[in-house]
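Structural characterization, general
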Amino acid sequence: GAGVSQSPRYKVAKRGQDVALRCDPISGHVSLFWYQQALGQGPEFLTYFQNEAQLDKSGLPSDRFFAERPEGSVSTLKIQRTQQEDSAVYLCASREVYGVNTEAFFGQGTRLTVV
Amino acid sequence: GENVEQHPSTLSVQEGDSAVIKCTYSDSASNYFPWYKQELGKRPQLIIDIRSNVGEKKDQRIAVTLNKTAKHFSLHITETQPEDSAVYFCAASGNNFNKFYFGSGTKLNVKP
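Below, the structure is looked at part by part. (Residues numbered from 1 in each chain as written. Chains lettered and ligands numbered in written order. Predicted model: local features only at pLDDT ≥ 70, side-chain atom pairs only at ≥ 80, totals over all residues. Heavy atoms only, no water.)

1. Concerning the overall build of chain A
Across its full length, chain A holds zero helices and 11 strands. Taken from the N to the C terminus, the helices and strands of chain A come in the order β-β-β-β-β-β-β-β-β-β-β. Its C-alpha atoms give chain A a radius of gyration of 13 Å, near enough to 13 Å, the size a compact globule of 115 residues would have. In terms of overall dimensions, chain A has C-alpha extents of about 40 × 25 × 25 Å along its principal axes. Burial statistics for chain A: of 115 residues in total, 44% are counted as buried. Considering only intrachain contacts with a sequence separation of at least 6, the fraction spanning at least 24 residues in chain A is 53%. For chain A, the accessible area works out to roughly 5,600 Å², and carbon and sulfur atoms hold 46% of it. Charge-centre separation for chain A: the mean point of 12 positive side chains lies 8 Å from the mean point of 12 negative side chains. (Helix = DSSP H or I, 4+ residues; strand = E, 2+ residues; numbered from the N terminus. Rg over C-alpha atoms; globule rule 2.2 N^0.38 Å. Buried < 20%, exposed > 50% of the residue type's maximum accessible area, 1.4 Å probe, protein only. Contact = heavy atoms within 4.5 Å. Areas by Shrake-Rupley, 256 points an atom, 1.4 Å probe, with all protein chains shown as cover. Lys, Arg positive; Asp, Glu negative; His and termini not counted. Charge placed at Lys NZ, Arg CZ, Asp CG, Glu CD.)

2. Quick notes on the interface of chain A and chain B
Contacts between the two partners involve 24 residues from chain A, matched on the other side by 20 residues from chain B. For the pair chain A and chain B, the summed buried area comes to about 1,800 Å², and 50% of that belongs to carbon and sulfur atoms. At the junction of chain A and chain B, the tally comes to one salt bridge. For the salt bridge of B:K99 with A:D56, the shortest nitrogen-to-oxygen distance reads 3.2 Å. Elements with a contribution of two residues or more to the side of chain A that touches chain B: β4 (31-37), β5 (44-50) and β9 (88-95) of chain A. Per-element accounting of the side of chain A that touches chain B gives the leading share, three residues, to β4(A). In terms of residue class, the side of chain A that touches chain B is built from 11 nonpolar, nine polar and four charged. (Buried area = accessible area lost by both parts, 1.4 Å probe. Salt bridge = Lys/Arg side-chain N within 4 Å of Asp/Glu carboxyl O. Nonpolar A, V, L, I, M, F, W, Y, C, P; charged D, E, K, R; others polar.)

3. Things to note about the pattern of salt bridges
All names here are of chain A. Enumeration according to the criterion identifies seven salt bridges over all chains in this entry. Here R64 and D86 are joined by a salt bridge, their closest N and O atoms 2.8 Å apart. One end of the pair, R64, is in the loop between β6 (53-56) and β7 (65-68); the other, D86, is in the loop between β8 (75-79) and β9, and 22 residues separate them in sequence. For the pair R64 and D86, one class covers both residues: buried.

4. Considerations on the sheet that holds strand β1 (residues 5-7) of chain A
Whenever strands of a sheet pair, they do so through backbone hydrogen bonds, lying parallel or antiparallel. Residues and elements named next belong to chain A. Within the open sheet, the four strands sit side by side as β1-β3-β8-β7. Their pairing is antiparallel. Strands with a single pairing partner mark the edges of an open sheet, and in this sheet they are β1 and β7. Taking each pair of neighbouring strands and ignoring which way they run, the sheet shows an average axis angle of 15 degrees. Bridge count between strand β3 (residues 19-24) and β8: five bridges; the pairing is antiparallel. Bridging across to β8, V19 finds its partner in I79. (Pairing = 2+ DSSP bridges. Axes fitted to C-alpha atoms, helices over the stretch in contact; angles between N-to-C directions.)

5. Examining the environment of B:Y101
Residues and elements named next belong to chain B. Mapped onto the fold, Y101 is located in strand β10 (residues 101-102). As a C-alpha pair, Y101 and F33 span 68 residues in sequence and 9.5 Å in three-dimensional space. Sequence-distant contacts of Y101, defined by excluding residues within four places in its chain, comprise E2, V4, C90, A91 and A92.

Purely geometric stuff here, so don't read any function into it on its own.
Below is the structure:
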């Protein structure tokens, strides 16, 4: 595909359910990021991968959040025992090269609603 | 950590007028400042960026200025058009460019 693809686009989860959000980055992009965007706010950093290595997970709000990128391509963000405050748009972005300010391309996001 | 503040939160201008959005940052180590445009329900898209070794950058109707001493940077849109209506986010990152700190966004409305 031409851009970063995220699925599902929308997810409704009952409080306490586990969810998994998928990100397909642009082919060949080394860097992959996850951001959380609450309604009316700017994106907030969650975690960063260089290939399969998770180099920074300082933004993950709690140990209920887990991200992986086992083969250095597709990434999954998993949220266990979802809570209402987890409701947000989860954005994935990828960039071609590590540590260089080339453009980060964002996906359209997954809107998670916890009820 | 870095703290990026953005003003105003909403901005309404008449078509053809200029629009200015301002951001401040707290970490003097930040050296890369992108601006993203996000239309309703769509992905953020980079519209312009600037590095700390440059004071100003222009691309057609869009320009960004950076004042490292004062730790603030601004987006300038001239001859605004209705299709410029969107939410604009500023961001800052440091040497590794691997973590962006975003402002809270400015909703720009260009009235025809």
